Amino acid sequence: MRKFFLLLFLVITAKFNAQELSYYLPDSVQYNPSIPKPKEIIYHNVGEYHITHDRLVNYMQALAKAAPDRIKLENIGFTYEGRPQILLIITSPKNHQNLEQIRQQHVALTDPSKSPSITTDNMPVVLYIGHSIHGNESSGANASLLSAYYLAAAQGRQIDDLLNNTVILFDPSFNPDGLQRFSTWVNQHKSKNLVTDANSREFNEVWPGGRYNHYWFDLNRDWLPAQHVESQNRLKWFHQWKPNILTDHHEQGSNATFFFQPGVPSRVNPLTPAKNQELTGKIAKFHAQFLDRIGSLYFTKENYDDFYYGKGSTYPDVNGAIGILFEQASSRGHAQQTSNGILRFPFTIKNQFTTTLSTLEAAKNLRKELLDWQREFYRSASTEAAAYATKGYVFGDAADEAKTEIFVTMLRRHQIDVYKLANNIKADATDFKKGTAYIIPANQPQYRLIRGIFDKTLAYKDSIFYDITAWTMPLAFGLPYAELGSNQFAQNLLGDRVITEKIITGGVRGSKSEIAYLMEWSEFYTPAVLYELQNAGVTAKVATNTFEMNADNGTKKYNYGTILIPVSMQSLTGLELFDRIKTISEKYGVTIESIQNGSVSSGSELGSAKFSVLTKPSIAMLAGTGVNALDAGEIWHLLDQRFNIPMTHLEVPAFNRVDVSKYNTLIMVGGTAYNDLNKDKLKAWIAGGGTLILTEEAVTWAAQNGISNVVLKKGKSGVDSTKNLSYSDREQIDGAQAMSGAIFRAEIDLSNPLAYGYTQPFVSLFKANKVYMEKSKSPYATPFYYKEKPLQSGWLSKENYDAMKSSAAVVVSASGSGRIISIADNPSLRAFWLGGTKLMMNAIFFGRNIDASSARAEE
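Let me begin by describing the structure that accompanies this report. Every value quoted in this text rests on a predicted model; they were computed, and no experiment measured them.

### Some words on the overall build of the protein
- When helices and strands are tallied, the protein shows 25 helices and 37 strands.
- Relative to the compact-globule value of 29 Å for 859 residues, the protein shows a C-alpha radius of gyration of 29 Å, a close match.
- Counting only C-alpha atoms, the protein reaches 90 × 70 × 65 Å along its principal axes.
- Going through the 859 residues of the protein one by one, you find that 60% of them count as buried.
- Contacts spanning at least 24 positions in sequence make up 79% of the contacts within the protein whose residues lie at least 6 apart.
- Surface exposure of the protein reaches about 33500 Å², of which carbon and sulfur atoms provide 48%.
- Of the side chains in the protein, 87 bear a positive and 83 a negative charge, and the two mean positions are spaced by 2 Å.

### Quick notes on unusual backbone geometry
- In this model, Trp207 is joined to Pro208 through a cis peptide bond whose omega is 5°.
- When you line up the elements, Pro208 lands in the loop between helix 9 (176-188) and helix 10 (229-241).
- Look at the link from Gln261 to Pro262: it is a cis peptide, with omega at 20°.
- Among the structural elements, Pro262 can be located in the loop between strand 8 (258-260) and helix 11 (274-293).
- Its identity as a non-glycine residue notwithstanding, Tyr43 has a phi of 75°, on the positive side.
- Mapped onto the secondary structure, Tyr43 falls in the loop between helix 3 (38-42) and helix 4 (53-66).
- Despite not being glycine, Asn303 shows a phi value in the positive range, around 70°.
- Looking at the secondary structure, you find Asn303 in the loop between helix 11 and strand 9 (322-329).
- On the basis of relative accessibility, which here comes to 42%, the residue Asn303 falls in the partly exposed class.

### Some thoughts on the sheet that holds strand 23 (residues 554-558)
- The strand order across the open sheet built from three strands is 23-22-26, with neighbouring strands paired in antiparallel fashion. Both edges of this open sheet fall to strand 23 and strand 26 (602-603), since each of them pairs with a single strand only.
- With two bridges connecting them, strand 22 (residues 547-551) and strand 26 associate as antiparallel partners. Bridge pairing in strand 26 links Phe547 to Gly603.

### Considerations on the packing of aromatic side chains
- Per the stated rule, a full pass over the model turns up 52 aromatic pairs.
- Relative to Tyr298, the ring of Phe260 lies with its centre 5.3 Å away and its plane at 40°, an arrangement referred to as tilted. Linking Phe260 in strand 8 with Tyr298 in the loop between helix 11 and strand 9, this pair joins segments that are 38 residues apart in sequence.
- With a relative accessible area of 30%, Tyr298 lands in the partly exposed category.
- Through successive ring pairs, a cluster of aromatic residues spans Phe307, Tyr308, Tyr309, Tyr460, Phe465, Trp471 and Trp795.
- Here the basic side chain of Arg234 rests over the ring of Trp223, its NZ or CZ set 4.5 Å away from the ring centre.

### Quick notes on the sheet that holds strand 27 (residues 611-613)
- The strand order 19-25-20-24-21-27 describes an open sheet built from six strands, whose pairing is mixed. The sheet is open, and its two borders are formed by strand 19 (507-509) and strand 27, each paired with just one other strand. Strand-to-strand, the axes of this sheet are offset by a mean angle of 30°, without reference to chain direction.
- As judged from the three bridges shared by strand 19 and strand 25 (residues 591-595), these two strands associate in the parallel manner. Looking across to strand 25, one finds that Val508 is bridged to Ile592.
- Lying on the sheet, helix 17 (residues 526-535) is in contact with strand 20 (516-519), strand 24 (563-566) and strand 25; it crosses strand 20 at an angle near 150°.

### Remarks on the nonpolar core
- Ranked by internal contacts, the top residues of the largest apolar core, which has 175 residues, are Phe395 and Leu682.
- Top element by residues in this core is helix 25 (residues 837-846). It accounts for seven residues.
- The contact partners of Leu682, leaving out residues within four places of it in the chain, are Phe655, Leu666, Met668, Leu677, Leu692, Trp701 and Ile707.
- Judged by nonpolar contacts, the second largest core, of 65 residues, contains Leu151, Ala154, Leu360 and Leu370.

### As for the pairing of strand 24
- Side-chain alternation along strand 24 places Ile563 and Ile565 on one buried face and Leu564 and Pro566 on a second face that is also buried.
- As judged from the four bridges shared by strand 20 and strand 24, these two strands associate in the antiparallel manner. Residue pairing for strand 24: Ala516 is matched across the bridge by Pro566.
- Note that strand 21 (residues 541-543) and strand 24 share two bridges and pair antiparallel. Each bridged residue has a counterpart across the sheet, and for Val542 the counterpart in strand 24 is Ile563.

### Overview of the environment of Tyr531
- Along the polypeptide, Tyr531 turns up in helix 17.
- Under the relative-accessibility criterion, Tyr531 is labelled buried at 8%.
- Excluding residues within four positions of it along the chain, Tyr531 makes contact with Lys616, Pro617, Asn644, Ile645, Pro646 and Phe845.

### Details of the pattern of salt bridges
- This structure, assessed with the given rule, holds 37 salt bridges.
- A salt bridge links Lys275 to Glu369, with the shortest nitrogen-to-oxygen separation between them at 2.9 Å. Placement of the pair is Lys275 in helix 11 and Glu369 in helix 13 (residues 367-387), with a sequence separation of 94 residues.
- Among the residues examined, Glu369 registers a relative accessible area of 23% and is labelled partly exposed.

### Brief notes about the pairing of strand 4 (residues 125-131)
- The element strand 4 is largely enclosed, with a buried count of seven among its seven residues.
- Of the two faces of strand 4, the one holding Val125, Leu127, Ile129 and His131 and the one holding Val126, Tyr128 and Gly130 are both buried throughout.
- Inspection of the sheet shows strand 4 paired to strand 7 (residues 245-252) by five bridges, in the parallel sense. Paired with His131 across the bridge in strand 7 is His249.

### Quick word on helix 15 (residues 447-454)
- For helix 15, the buried fraction is high: eight of the eight residues fall into the buried class.
- Taken together, the buried positions of helix 15 are occupied by Tyr447, Arg448, Leu449, Ile450, Arg451, Gly452, Ile453 and Phe454.
- Buried residues along helix 15 sit in contact with helix 13, strand 12 (392-395), helix 14 (401-413), strand 16 (438-441), helix 16 (473-477) and strand 17 (481-484).

### What about the packing of helix 4 against helix 9?
- Close contact between helix 4 and helix 9 brings their axes to 8 Å; oriented N to C, the two are set at 120°. Taken as axis vectors, helix 4 and helix 9 run oblique relative to one another. In this structure, helix 4 contributes His53, Asp54 and Leu56 to the contact, and helix 9 contributes Pro176, Leu179 and Gln180.
- Residue composition of the contact of helix 4 with helix 9, by class: three nonpolar, two polar and one charged.

Each value, and the rule that gives it
Residues numbered from 1 in each chain as written. Predicted model: local features only at pLDDT ≥ 70, side-chain atom pairs only at ≥ 80, totals over all residues. Heavy atoms only, no water. Helix = DSSP H or I, 4+ residues; strand = E, 2+ residues; numbered from the N terminus. Rg over C-alpha atoms; globule rule 2.2 N^0.38 Å. Buried < 20%, exposed > 50% of the residue type's maximum accessible area, 1.4 Å probe, protein only. Contact = heavy atoms within 4.5 Å. Areas by Shrake-Rupley, 256 points an atom, 1.4 Å probe, with all protein chains shown as cover. Lys, Arg positive; Asp, Glu negative; His and termini not counted. Charge placed at Lys NZ, Arg CZ, Asp CG, Glu CD. Pairing = 2+ DSSP bridges. Phe/Tyr/Trp six-rings, centres within 6.5 Å; stacked < 30°, edge-to-face > 60°. Lys NZ or Arg CZ within 6 Å of the ring centre and 35° of its normal. Axes fitted to C-alpha atoms, helices over the stretch in contact; angles between N-to-C directions. Core = buried A, V, L, I, M, F, W, Y, C linked by side-chain atoms within 4.5 Å. Salt bridge = Lys/Arg side-chain N within 4 Å of Asp/Glu carboxyl O. Parallel < 35°, antiparallel > 145°, perpendicular 65-115°, else oblique. Nonpolar A, V, L, I, M, F, W, Y, C, P; charged D, E, K, R; others polar.

Pasting the structure below:
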């Protein structure tokens, strides 16, 4: 009897801890026994543990080997941590034999010059099925085991019909590094007797969690900027195939049910045609039918939107496809107590798998309508472009060729035709010159996406947003640009179409110098050059004044921030110095000038005290629990990937414990982590000569704790407490006061060290917080500030805008020998806000060179 009860207990435990395939799969289908089931490769049942990325890849490889007539596996690239990104191309054996022909014919639908003659009567529809771009929303990636098995092993007329009419691009994990991080965490904290208490460690990951990629970025905001390798690898295949549907499997709060699109109707991007939402609604009916069959609750047209084109479910909408967001209530571990009862991991997987099946069924049934819409989307783009007032866009920064090329590369990733500017033109009071500028005609297949990149928006149907409200890319990149109307745009402005990435050579202009070398600070990669030179022991100075020198073509003016490398002050020989400068400048494509005559025609002489010696930065950033991982990751990525500058990540307890004198620069980003920071130690470190750089909420913390002399402005709440308001309006009224993110023009004092390298007296900054600073009482300590009408693009409430007006964007404070640089906004948003890069790098390299007396507020 005792043995019987023990056996019964083990059976019951196994039932709750894992599910056999029969729990998930349709019972009306026969399966090929020669195709390996997941457990045979991953060594556990689906849902028993969270799949690790390595085992996920192993299973997909096994399927491709076992079913080569249905599955072709492509390795599309590698993540930052070296994990493979794989893509399965799944279709019928017949289609596989003609795969390239099918692809070419399908892509031709997006070319209005070819598409009219193409028949879609028998053309397969193309789907991109993607999973778990947030690594800790792993029910999607775990469901991919089931979907892949079903597509490889199912037999019968139904699956044959499906595969004959579809080509499926199947990505089992959009975020391999995040998935591996999360799965390791939850698996190592799983108990044999599942713990459902939400307070348990299993459900509470350590910082930064598995949501993000290696650099703590949200990859579901990177489809449009495409600044990360995972996104770049994925986009190549997206545009190689131009899918008709892309699914994006996510998770939401544990107390929810299941969401599928459409989202909130008033929050659809106005550039998205109405037909897109019509088709989304038709597809939604299939999701509802399939979820009804298994008794799962769901909701739609609430909470989520289709506004920002950088998300996986919205990017397809502006590319002639239908993006579908799925949001499953998250168990976050293996089983969690929720307001709806115990939510078990296998159940979440089943819902994700079920909506994959519903998507496939919808695609098969709506095949011709989806294909015809794709053709019409690109045909109508030409019609709309012809009627639109803006006929083209010209852009380029003659002083920053590298940043211009980064922008061009981003555009070309999205299949946008970019041309070299053939003739000089002046537009919006800006001179654009042949050789340093580019032009984009609006009338091309990607017309809507071009507008999605260049448009500035100030009118909105709604005041609540799931993500940011504006992202005008040339403003973000800090590039001069102009819209060209029919009176300025002309075909003779179009030079050669850009078909390859431009290689910027750089190097030393002139022969070895016995006097000095000069590097202008306006080029994007100059911080990388300066740091590498300093790391090699080279002494460098920065010009705090302008000066002019004779050059081959007359007199040349050098601006504030020019880097001087004097030959006589080095430990290297003249030849060694020349070789080192030449090698490093060529590596980064930066031109450095060799000076053969040290006299200046005006301004400060090279031996003047106006050239200030620079100290090599030794940087630490506070990280860990309570720190905004996204903000911290943006700084880490900027320094590590863009400029090859190392930075220590210090958690607050480590800062309190270790000797911090080895660091001369400390960065604190937004978050709520700093209350336990040893404030006296921080103050002493600053007074001893440290440079403290604060962004967003860290500015508020420092001001409130006596670290800086910043005075904060108080905005109004936006709610009249004297009135009785409808409870049902609360979400709309309160939500309108959120700062989702908008773009503002900040005025610049170009002579301030924090503005070195900027060539225009203004810059566009992004704000998604309520940190509003008063201008400093010192007239010299507010080098970046906002005027009365700073909004360039985006939405914010009147109350927030009133607080924003005439506020400070950057304030400098001094304490002892140190400096505190308070930056109210985010200068490095999502790795594409390159317009703020100079501000951040100037704070790092030149912050300690700011005259202390200029930063002390007058009482």
